[in-house]
Amino acid sequence: ESVADVLVTKTLQAATKYNVSSIIIAGGVAANTRLRELMKSRSQLPVFIPPVNLCTDNAVFVASSAFFNNHKFPWEKIKAIPDPFEAIKYYGINKN
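Predicted, not measured: the structure shown is a model, and the values here were computed from it.

Visitor: So what's going on with the pattern of salt bridges? Which residues, and what values?
Guide: Throughout the structure, instances matching the rule amount to four salt bridges. Notably, a salt bridge pairs Arg-34 with Glu-1, separated by 2.8 Å at the nearest N-O pair. Highlighted residues: Arg-34 in helix 2 (residues 33-42) and Glu-1 in the segment before helix 1 (2-17), separated in sequence by 33 residues. In this structure Glu-1 comes out as exposed when scored by relative accessible area, which is 59%. Notably, a salt bridge pairs Glu-86 with Lys-89, separated by 3.3 Å at the nearest N-O pair. Of this pair, Glu-86 and Lys-89 are both found in helix 4 (residues 84-91), three residues apart, which corresponds to roughly one turn of the helix. Lys-89 gets classed as exposed once you look at its relative accessible area, which sits at 60%. Linked through salt bridges whose partners overlap, the residues forming this network are Glu-1, Arg-34 and Glu-37.

Calculation rules
Residues numbered from 1 in each chain as written. Predicted model: local features only at pLDDT ≥ 70, side-chain atom pairs only at ≥ 80, totals over all residues. Heavy atoms only, no water. Salt bridge = Lys/Arg side-chain N within 4 Å of Asp/Glu carboxyl O. Helix = DSSP H or I, 4+ residues; strand = E, 2+ residues; numbered from the N terminus. Buried < 20%, exposed > 50% of the residue type's maximum accessible area, 1.4 Å probe, protein only.

Quick look at the structure:
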């Protein structure tokens, strides 16, 4: 509750300071239900928030970049494999 409260308060203060006409919340933080509720109820400005299923963060992109920078793998063989166990099999990742 306190984190959502601080984010909403500071966002609304910044919106006032910079005289914006609307507020957009995006990324992983936008999936937070309480943040969505507080922002919509406290803001006098229009608030735009995408559906929760579209609110993702960049952690998967950062992790995959780190993986492929440290495990040389031909780019033409890289596949999007949503099941982590299948990905481990495909890329031959072991715990050592």
